[in-house]
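The lines below spell out each chain.
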Amino acid sequence: MTDRTNEEWIADLKSEGEQKEAALADLRSVIASGLPYALSNYLSPDNPQFHSLAEEVTQDTLLRVLDHLDSFEGRSRFTTWVHKIAVRIALTELRRRRWRDFSLDSLVEENEDGVSFPSLMIDPSPNPDTLTQQNDMLMRIGRLINEELTDKQRQAMVATAIEGVPLEEVARRMDMKRNALYKLLHDARLRLKKRLANEGLTIEDVWAAFDRG
Amino acid sequence: MSLSEKIKDLLKRLGSSKEENAMQMPADVQKLIEMVENTQEVEFSCEDVYNILDQYTELVYHGDDSAELMPLVEHHIEICPDCREEFEALLRILEAVPA
């Protein structure tokens, strides 16, 4: 396979006939060479699913590269840029398959107050055996979350941070783009941070309420 | 060590009587506290990071100081598992595929 400079890649891919065909064939090889490493944590090349997934990803990557050739700014190697696109396409598809059966409804049921972090659903009834210091702190945090975050933010936070659902899987189920969901969550975290500061509640205070062990 | 780990460690070393039914901080609350702790006023979004992930990953691959050169990308990668996963995959490729 010939080594092309960034400029040569762009020129060849924008050309016609054999020059373009050769570049496309080489680009296919580039993509294919990277995929086993991209997928190594998830799918081995020995796995029967690997081949068809690799083929699908390679094809989609080629199309996306050609569509977005003009957006390549030359700040990295062209092949790195291409591998990046392939990684995004491959992992998006893997996540979609892995989380196919997941539903947002499966998350912990909200109690009357709407708090959905499992540990914050505390039964507030007084009990001499319960640990009031810890329960008070948990209830305080629970109330704070309830007051600062929208239902959407709470649900998204539990799904992504606690259940480990990929952002784009949660986003799709909420009819949003991944980027918009990130911003929603960032806003949620900022609100909590500011609220904690306003209450004069430091991280140390929270830790102090619990067992040091 | 993170701030919360340092505090926990300090308290442990100061010593405290362990009560039989003492309660540990639940994992999900701990996760929440850490997330809030790591939140910055200004953060890159996933799209911001994706747009320059190729540059960033090459920096890391070449051993350059990515934290200094691209602090917002670095921070986002630390806190966003999905972008981190993509970064690590791209890095594996750069390390494995001959230039």
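Residues numbered from 1 in each chain as written. Chains lettered and ligands numbered in written order. Predicted model: local features only at pLDDT ≥ 70, side-chain atom pairs only at ≥ 80, totals over all residues.

1. Some remarks on the overall build of chain A
Reasoning step 1: A count of helical and extended segments in chain A gives 9 helices and 0 strands.
Reasoning step 2: Going from the N terminus to the C terminus, chain A shows its helices and strands as α-α-α-α-α-α-α-α-α.
Reasoning step 3: The buried share among the 213 residues of chain A stands at 32%.
Reasoning step 4: Contacts in chain A between residues at least 24 apart in sequence constitute 64% of all its contacts with a sequence separation of at least 6. (Helix = DSSP H or I, 4+ residues; strand = E, 2+ residues; numbered from the N terminus. Buried ≥ 20, exposed ≤ 12 C-beta atoms within 10 Å, placed from the backbone. Contact = placed C-beta atoms within 7 Å.)

2. Focus on helix α3 (residues 46-61) of chain B
Reasoning step 1: The sharpest bend along α3 of chain B reaches about 60 degrees and sits at Ile 52 of chain B.
Reasoning step 2: Buried within α3 of chain B are the following residues: Cys 46, Val 49, Leu 53, Asp 54, Tyr 56, Thr 57, Leu 59 and Val 60 of chain B.
Reasoning step 3: Among the structural elements, α4 (78-98), α7 (167-173) and α8 (178-198) of chain A together with α4 (66-69), α5 (71-79) and α6 (81-96) of chain B are those in contact with the buried residues of α3 of chain B.
Reasoning step 4: Where α3 of chain B terminates, the next one or two residues include Gly 63 of chain B, which has phi positive at roughly 80 degrees. (Bend = angle between axes of the 7 residues up to and from the residue.)

3. Observations concerning unusual backbone geometry
Backbone geometry follows two general trends: most residues other than glycine have a negative phi, and most peptide bonds adopt the trans configuration.
Reasoning step 1: Even without being a glycine, Asp 175 of chain A presents a positive backbone phi close to 60 degrees.
Reasoning step 2: Positionally, Asp 175 of chain A belongs in the loop between α7 and α8.

4. Comments concerning the nonpolar core
Residue and element names in this part refer to chain A.
Reasoning step 1: Ranked by size, the top nonpolar core spans 67 residues in total, and within it Leu 35, Ala 38, Val 82, Ala 86 and Ala 90 carry the most contacts.
Reasoning step 2: If you tally residues by element for this core, the top one is α4, at 10 residues.
Reasoning step 3: Those residues in contact with Leu 35, other than ones at most four positions away along the chain, are Ala 54, Val 57, Ala 86 and Ala 90. (Core = buried A, V, L, I, M, F, W, Y, C linked by C-beta atoms within 7 Å.)

5. A look at the environment of Val 36 of chain B
Reasoning step 1: For Val 36 of chain B, the location among the structural elements is in helix α2 (residues 27-37).
Reasoning step 2: The class of Val 36 of chain B is partly exposed, set by 19 C-beta atoms lying within 10 Å.
Reasoning step 3: It is 13 Å that separates the C-alpha atoms of Val 36 of chain B and Ser 2 of chain B, two residues lying 34 residues apart in sequence.
Reasoning step 4: Discounting residues that sit within four places of it in the chain, Val 36 of chain B has contacts with Arg 189, Leu 192, Lys 193 and Leu 196 of chain A.

6. Digging into the interface of chain A and chain B
Interface extent is often summarised as the accessible area lost during association of the parts.
Reasoning step 1: With 45 residues of chain A in contact, the opposing surface of chain B contributes 44 residues.
Reasoning step 2: Looking at the side of chain A that touches chain B, the elements with two or more residues in it are α2 (17-38), α4, α5 (132-148), α6 (151-162), α8 and α9 (203-208) of chain A.
Reasoning step 3: Residue contributions to the side of chain A that touches chain B peak at 10 residues, all from α8 of chain A.

7. Concerning the confidence of the model for chain B
Reasoning step 1: Predicted confidence across chain B gives a mean pLDDT of 87, with 86% of residues reaching 70 or more.
Reasoning step 2: The ipTM for the predicted assembly is 0.89, set against a pTM of 0.86. (pLDDT = per-residue confidence, 0-100.)

8. Considering α5 of chain B
Residue and element names in this part refer to chain B.
Reasoning step 1: Those residues of α5 lying buried are Val 73, His 76 and Ile 77. Taken end-on, α5 shows its buried residues confined to a sector of 100 degrees, consistent with a single buried face.
Reasoning step 2: Where α5 is buried, its residues touch α3 and α6. (Arc of directions from axis to C-beta.)

9. Some thoughts on the packing of α2 of chain A against helix α3 (residues 48-67) of chain A
Residues and elements named next belong to chain A.
Reasoning step 1: Axis separation between α2 and α3 bottoms out at 10 Å; the angle between their running directions is 130 degrees. Taken together, α2 and α3 sit at an angle that is classed as oblique. Considering the relative orientation of α2 and α3, their crossing is right-handed. Taken together, the residues of α3 that come into contact with α2 (itself represented by Leu 24, Leu 27, Arg 28, Ile 31, Ala 32 and Leu 35) are Ala 54, Val 57, Thr 58, Thr 61, Leu 62 and Val 65.
Reasoning step 2: A breakdown of the residues in the contact of α2 with α3 according to their chemical character gives 9 nonpolar, 2 polar and 1 charged. (Axes fitted to C-alpha atoms, helices over the stretch in contact; angles between N-to-C directions. Parallel < 35°, antiparallel > 145°, perpendicular 65-115°, else oblique. Left-handed = near helix turned anticlockwise from the far one by under 90°. Nonpolar A, V, L, I, M, F, W, Y, C, P; charged D, E, K, R; others polar.)

10. Considerations on the confidence of the model for chain A
Reasoning step 1: Across chain A, the average pLDDT comes to 88, with 88% of residues at or above 70.
Reasoning step 2: When the elements of chain A are averaged for pLDDT, α9 of chain A gives the smallest value, 85, and helix α1 (residues 6-14) of chain A the largest, 97.

11. Comments concerning the packing of α2 of chain A against α4 of chain A
Residue and element names in this part refer to chain A.
Reasoning step 1: Taken N-terminus to C-terminus, the directions of α2 and α4 make an angle of 55 degrees; their axes are 9 Å apart at the nearest point. Considering the angle they form, α2 stands oblique to α4. Pair α2 / α4 crosses with right-handed handedness. Residues Leu 27, Val 30, Ile 31, Gly 34, Leu 35 and Ala 38 of α2 pack against Thr 79, Val 82, His 83, Ala 86, Val 87 and Ala 90 of α4.
Reasoning step 2: When grouped by side-chain class, the residues that make up the contact of α2 with α4 number 9 nonpolar, 3 polar and no charged.

12. Brief notes about the environment of Glu 18 of chain A
Residues and elements named next belong to chain A.
Reasoning step 1: As for its position among the elements, Glu 18 is in helix α2.
Reasoning step 2: We classify Glu 18 as exposed; it has 8 C-beta atoms within 10 Å.
Reasoning step 3: Here the alpha-carbon distance between Glu 18 and Ile 85, two residues 67 residues apart in the chain, equals 25 Å.

13. A word on the environment of Arg 28 of chain A
Residue and element names in this part refer to chain A.
Reasoning step 1: The residue Arg 28 is located in helix α2 in this model.
Reasoning step 2: Overall, Arg 28 belongs to the partly exposed group, with 14 C-beta atoms counted inside 10 Å.
Reasoning step 3: Residues Arg 28 and Glu 55, spaced 27 residues apart in sequence, show a C-alpha to C-alpha distance of 9.7 Å.
Reasoning step 4: Residues within four places of Arg 28 in sequence aside, it is in contact with Thr 58 and Leu 62.

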